[in-house]
Each structure stands twice: as structure tokens, then as C-alpha cells.
Amino acid sequence: GSRCIASRLSNPLCDPYAIANRLDDVAHFVADPLLREDVRKLLVSLPDLERALGRIVIARGGPRDLASIRDGLMIAGHLAHRLGASATISGLPDNLNSISETLSWSDLDLARELDSALGSELPAFARDGGFVKHGYSSDLDENRLLRDETRHVIAGLQSRYGEMSGVKSLKVKHNNVLGYFIEVPAAAAVTLQAPDKAGLFIHRQTVASAMRFVTTELASLDQRIAAAAEKALALEQEIFVALCARVTARRDLLSRIAEAAAKLDASAGLAEVAERRRYVRPRVDGSTRFTVRGGRHPVVEAALQDQASGSFVANDCEISGEGKRLCLLTGPNMAGKSTYLRQNALIVILAQMGSFVPATEACFGAVDRLFSRVGAADDLARGRSTFMVEMVETAAILNQATDNSFVILDEIGRGTATYDGLSIAWATLEHLHGVNKCRALFATHYHELIELENELDGVKNYSIAVNKHGGTIRFLRKIVRGGVDDSYGVDVAKLAGLPAKVISRARELLQEMESSHTAEKATIV
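Rules behind the numbers
Residues numbered from 1 in each chain as written. Predicted model: local features only at pLDDT ≥ 70, side-chain atom pairs only at ≥ 80, totals over all residues. Heavy atoms only, no water. Axes fitted to C-alpha atoms, helices over the stretch in contact; angles between N-to-C directions. Helix = DSSP H or I, 4+ residues; strand = E, 2+ residues; numbered from the N terminus. Parallel < 35°, antiparallel > 145°, perpendicular 65-115°, else oblique. Left-handed = near helix turned anticlockwise from the far one by under 90°. Contact = heavy atoms within 4.5 Å. Buried < 20%, exposed > 50% of the residue type's maximum accessible area, 1.4 Å probe, protein only. Pairing = 2+ DSSP bridges. Salt bridge = Lys/Arg side-chain N within 4 Å of Asp/Glu carboxyl O. Nonpolar A, V, L, I, M, F, W, Y, C, P; charged D, E, K, R; others polar. pLDDT = per-residue confidence, 0-100. Phe/Tyr/Trp six-rings, centres within 6.5 Å; stacked < 30°, edge-to-face > 60°. Lys NZ or Arg CZ within 6 Å of the ring centre and 35° of its normal. Core = buried A, V, L, I, M, F, W, Y, C linked by side-chain atoms within 4.5 Å.

### A look at the packing of helix H2 (residues 16-31) against helix H12 (residues 251-277)
Turning to step 1, where the next piece is worked out: In contact at an axis separation of 8 Å, H2 and H12 are set at 55° when each is read in the N-to-C sense. Here H2 lies oblique to H12, going by the angle between them. Crossing handedness for the pair H2 and H12: right-handed. Along the contact surface, H2 presents Asp 25, Val 26, Phe 29 and Val 30, while H12 presents Leu 264, Ser 267, Ala 268, Leu 270, Ala 271, Ala 274 and Glu 275.

### So, the pairing of strand S8 (residues 326-330)
Successive side chains on a regular strand alternate, one facing one side of the sheet and the next facing the other.
Turning to step 1, where the next piece is worked out: Buried residues dominate S8, accounting for five of its five residues.
Turning to step 2, where the next piece is worked out: Pairing between S8 and strand S12 (residues 439-443): four bridges, direction parallel. If you follow Leu 328 over to S12, its bridge partner there is Phe 442.

### Notes on the pattern of salt bridges
For side chains bearing opposite charge, pairing can occur when the charged atoms are close.
Turning to step 1, where the next piece is worked out: Counting across every chain of the model gives 29 salt bridges.
Turning to step 2, where the next piece is worked out: Taking the shortest distance from any N to any O, the salt bridge between Asp 65 and Arg 55 comes out at 2.8 Å. Separated by 10 residues along the polypeptide, Asp 65 in helix H5 (residues 63-90) and Arg 55 in helix H4 (residues 49-57) bring together distant segments of the chain.
Turning to step 3, where the next piece is worked out: Where Arg 507 meets Asp 491, a salt bridge forms, and the shortest distance between an N and an O atom there is 3.3 Å. Within this pair, whereas Arg 507 is found in helix H19 (residues 500-515), its partner Asp 491 is found in helix H18 (residues 489-496), the two being separated by 16 residues in sequence.
Turning to step 4, where the next piece is worked out: You can call Arg 507 partly exposed: its relative accessible area is 32%.
Turning to step 5, where the next piece is worked out: Here the residues in one salt-bridge network are Arg 3, Asp 48, Glu 50 and Arg 51, joined through shared partners.

### Some points on the environment of Ser 86
Turning to step 1, where the next piece is worked out: Take Ser 86: it is sitting in helix H5.
Turning to step 2, where the next piece is worked out: C-alpha of Ser 86 to C-alpha of Asp 32: the two residues are 54 residues apart in sequence and 9.3 Å apart in space.
Turning to step 3, where the next piece is worked out: With sequence-adjacent residues up to four places away left out, Ser 86 is seen in contact with His 28, Asp 32, Leu 35, Gly 91 and Leu 92.

### Here's the deal with the sheet that holds strand S6 (residues 290-295)
Turning to step 1, where the next piece is worked out: Taking strand neighbours across the sheet as the criterion, the four strands line up as S5-S9-S6-S7 in an open arrangement whose pairing is mixed. The sheet terminates laterally at strand S5 (283-285) and strand S7 (315-318), the two strands that pair on one side only. Adjacent strand axes in the sheet meet at a mean angle of 10° when their direction is disregarded.
Turning to step 2, where the next piece is worked out: As judged from the four bridges shared by S6 and strand S9 (residues 361-365), these two strands associate in the antiparallel manner. From the neighbouring strand, Phe 290 faces S9, where its bridge partner is Phe 364.
Turning to step 3, where the next piece is worked out: Helix-sheet contacts for helix H14 (residues 337-353) involve S5, S6, S7 and S9, and the interaxial angle to S6 is about 110°.

### Considerations on the side chain of Arg 70
Turning to step 1, where the next piece is worked out: For Arg 70, the position within the fold is in helix H5.
Turning to step 2, where the next piece is worked out: Here Arg 70 falls in the buried class, since its relative accessible area comes to 13%.
Turning to step 3, where the next piece is worked out: In contact with Arg 70, not counting residues within four places along its chain, are Ala 111, Leu 114, Asp 115, Leu 118 and Gly 119.

### Here's the deal with the packing of helix H1 (residues 2-10) against H12
For any two helices packed against each other, the geometry comes down to the angle between their axes and how far apart the axes lie.
Turning to step 1, where the next piece is worked out: The contact between H1 and H12 brings their axes to 8 Å, and the two run at 80°. Between H1 and H12, the crossing angle belongs to the class labelled roughly perpendicular. Along its contact with H1, which presents Cys 4, Ile 5 and Arg 8, the element H12 presents Ala 262, Lys 263, Ala 266, Ser 267 and Leu 270.
Turning to step 2, where the next piece is worked out: Class assignment for the residues of the contact of H1 with H12 results in five nonpolar, one polar and two charged.

### Brief notes about the confidence of the model for the protein chain
Turning to step 1, where the next piece is worked out: For the protein chain, mean pLDDT is 88; residues scoring 70 or higher make up 97% of the total.
Turning to step 2, where the next piece is worked out: This model gives residues 518-525 a pLDDT under 50, and the stretch forms 12 contacts once residues within four places in sequence are excluded.

### Some words on the sheet that holds strand S2 (residues 179-185)
Turning to step 1, where the next piece is worked out: In space, the four strands of this open sheet follow the order S1-S2-S4-S3, with antiparallel pairing throughout. Both outer strands of the open sheet, strand S1 (171-175) and strand S3 (202-206), are each paired with one neighbouring strand and no more. Ignoring which end each strand starts from, the neighbouring axes of this sheet average 40° apart.
Turning to step 2, where the next piece is worked out: Pairing of S2 with strand S4 (residues 210-214), which is carried by four bridges, proceeds in the antiparallel orientation. The residue of S4 that forms the bridge with Val 184 is Met 211.

### Re the packing of aromatic side chains
Turning to step 1, where the next piece is worked out: Inspection of every chain in the model, using the stated rule, returns four aromatic pairs.
Turning to step 2, where the next piece is worked out: Ring geometry for Tyr 161 versus Phe 201: centroids 5.8 Å apart, planes at 75°, classification edge-to-face. Pair noted here: Tyr 161 is in helix H9 (residues 150-165) and Phe 201 is in the loop between helix H10 (189-192) and S3, with a separation of 40 residues, a long-range link. Like Phe 201, Tyr 161 is buried.
Turning to step 3, where the next piece is worked out: Judged by centre distance (4.7 Å) and plane angle (35°), the ring pair of Phe 290 and Phe 406 falls under tilted. Of this pair, Phe 290 sits in strand S6 while Phe 406 sits in strand S11 (residues 406-410); the two residues are 116 residues apart in sequence, bridging distant segments of the chain.
Turning to step 4, where the next piece is worked out: When its relative accessible area of 0% is taken as the criterion, Phe 290 is described as buried.
Turning to step 5, where the next piece is worked out: Across the ring face of Phe 125, the terminal group of Arg 127 is positioned such that the distance to the ring centre comes to 4.2 Å.
Turning to step 6, where the next piece is worked out: Across from the ring centre of Tyr 462, 5.4 Å away, lies the NZ or CZ of Arg 481, which sits over that ring.

### Some details on the nonpolar core
Soluble, globular proteins show a tendency: their nonpolar side chains are buried together.
Turning to step 1, where the next piece is worked out: Grouped together as the largest cluster of nonpolar side chains are 90 residues, with contacts concentrated most on Ile 69 and Leu 103.
Turning to step 2, where the next piece is worked out: Here this core takes 11 residues from H12, the largest share from any one element.
Turning to step 3, where the next piece is worked out: Beyond its immediate stretch of four places on either side in the chain, Leu 103 contacts Ala 76, Gly 77, Leu 79, Ala 80, Leu 83, Ile 257, Ala 260, Ala 261 and Leu 264.
Turning to step 4, where the next piece is worked out: Grouped together as the second largest cluster of nonpolar side chains are 23 residues, Ala 401, Leu 422, Phe 442 and Val 459 included.

Here it is, written out as C-alpha cells:
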């Protein structure tokens, strides 16, 4: 399930119908907590069928992989039964119906065959042996008996030969020359050499006080005992190869079962997250609107909750009304502009991969491409500075974004001189508005850009609310309508711990620059 979710996050859907089908699955598990709990309990014990099958198919598997196939098939049958019981009561969405049907195809004959063959303690590799259950192969059991219980076998033969010959002092011994042999006192040797026993006991050696004999059975046993361990291992290898061949022959079915189980795991897991984190079902259609009420950043919110360090401040995002499809966001450093940009992009990804989203309401048209230009990074190995990387990424956005795309841009133009950066940011906004016509969130510290709301119909100004009292600023984390003309950079520098002299001198310089109408207050003509 984790790999399925990762794949969906990397490849969100663009078809509203397909998105709705996935959301139906999650909604069903949200609405039926008992079913979700039962399914997740079964999934906890479900082995990784996909990986086990993959190793077996490429001849890299071991006995534990066969056990995973066995257990996976058994649990798949239980999952199908549980889903089927739910279907008779409340019905199932189309996707879950298909998953239930696939899981019901579980090859129980193969599972039973594997169960009858595999023991309880399994080695990691088939070459180690000892994984085939006693009673599965009589030939293997016989060789194991010779290998593991040689003393008992020899004691049994000694007792039997003693009864046959009537010589109670008969012993079965072993040396490196004769192998296993029968030894009797010299006085008793005549009994073994009697005409009725001459064909059974064959004289091999005479010593000072005893005579030694062998039998055809004992000679054969000697060879079999010597080869028993090797033979037992070879037999287990043959059994393992045969079992792997049976699994490989059913790989198409097993792959479909593994895929169905992964989808089921993903849907049930997303439903669990939605329940715990208060996520809602988004509505994704074919329009170009974008409306999010009470949107939250899923990762930041979860971190705050886990650390018990406060609650996340939710914010709306509306960039679809009256043709206003471009949000220009200004405000202080550290106030949460980047978080706001990212959370709305993440809501798009979550919704289009088939998940509920962290909001009280989310309704937007399907996004064909999502572009992000956030953060600072260089690529010195290719000779690209931080600013060059920023420009390359911005160029990719401006050249590829369509009217169905969603774009977030954070601080375009900050890596160069003030006028250069402001000019690039200004021209970028105009291009997004007039050419790309996409839905976009554009965060900036170039306050001069707020004038564009009066010049471009599709631009709306928003800012981050701040409370400043007694020389101290407090970030309210709330998005409000309208632009601002102060980034409170010096205040943030003070919070960061810059020396008091530096802060004092910075305030003097800032006041001088503002009063003399320098670059920060320059009017763009």
C-alpha cells in the first residue's frame, strides 16, 4: 500500500471521473469504520506479495518468499470474504467491487500445496535446507532419518541381526576401512557361517578375538548414510524448484491479487488519515475554478499536532471568481507565505491522487500540470548559480503552463539587483496573466507589484496579517485581502538574534532610504 500511495502521489490523475472513483473508495471506508478496521487488521498480516513474487520469478527467491505467497493467498481470501459481506449490506463502489472480485480469485489449491510443503521454521535461502515439512516426501523423510538418526538406525539393525542370528553379543561397528560391519566373538562366528545364514552374513575380516561380517543391506546402508545429507538437500532443492514453478505459472493471477491488495491498503489507509486528521472529500471537475475553504498544510499540521506545539491556522484560497485567477501575496518574512503556497499545491496533488484533503471544503477544476518555483538552490556542477537555477525553472513554467495549470512562485527575481529582480517579477506576472492564463499564487517582497491589481483584471492582492506592538511583531498566520508595503525584515532579523547595534543601524538606514525615495520606493513607469 505504501508503494501504491507513493506511485499515486508521483502520478496524480487528470480525469475527474477516475479521481471520483478513487475518492469513492476512500469515502466508503470513512463511512464504515468497522469495515475499515477489519480490513486494516487483515492487511497488517498480509505479506508483501509483489516483492515475494518478483524474487521467485527471477529465481532469487527463498522458502520465506514461498511462505509469503501461501499466507498472502490465504489472507486475500479472507479480505474478499469481508468485502463481500459488506457488499451484501451496503454495497461497494465500483473500484472496491473489482478489488473484491480479484481477491476472490485467490488460488487456495496453491496455498494448500505450499502449506503442506513448508515447515514452520524457514531459512532465508533454499540452499540451507530444512524447510520442507515432515511427511511431504517419503524419500526426503527417509534420507533425513538416515542423516539425523544414524545411531537409532544402527541400533535397530544391531537388534534385528542379533535376533536373526541368536548371538546376543553381536555388535554393529564402523571404521574407515570397512565402513559399517558386524562383529561377533570368534566362538560365535560359526553361527553366522551356518548354511542357512551364509548368504546373509559375508565374512570380511578376522581379528585376534573376533570375526567381522558385512551384509548387503549394511553395505548399502553405509553408502546411503554417507550420501544422506547431500541427498536430503538435493531433494529439498528439487521440491523448492517445483514449488517455485507452480508459483511462476500463476504469476499473472498473483500479480493482480497483489495489485488489488495494494489498492485496498491505500484506500483504507487514506481513509484512516482522513478520519484522524479531519480531511474532507474534494470535488474535482472540468472547470478552471479553484476554491479551498479552511485549507491546511498536511505536513506542518501533523507536526504541530504530534509535538503538541499549537494548532495550524487554516486559510481560504479563492482564485477563480470574476476571472481573478492570479493571487499576488505580500507580507513579512516568516509569516507563512511559502507555507500557504505549498499547502494549496499539496491539496491539488492529494485530491488528484485520490485522497481526501486538509480543508473544510475544496472544489476546483482538474489541474493538468502543477509547477513550483520555491526555495533557493544552485547547480554548481553545471555552472549554474542560484539565480540561474531560479530563472531556468521560471522559464520552464512560462513556456509550458496552460490555462488548466496551477503555478506557485515564491520570490521571483530575488537573486539579482533590485531593479533587475523587480523588472523580471513584474514581466513574469504580466506573462502569467496575459499568456499562460493559469491559476497562480505569486509571493513577493516587491511591494511595487501590488499596483498590478489596478492594471490587470485577473490579479488580486492578498497579504499575511501581522500585529506589531511596542516594537515587537506577532505573526497571525492569516491571509487577508489587500497588499502591504512592509516586509518587517529588520524585525525578523532582530528575532533571529542579530546584534542590537546592527539592528539599530539597519533601522536608521531604512528610514533614510524610505525618506529619500530610493530603490525600495521607486515608481515603475
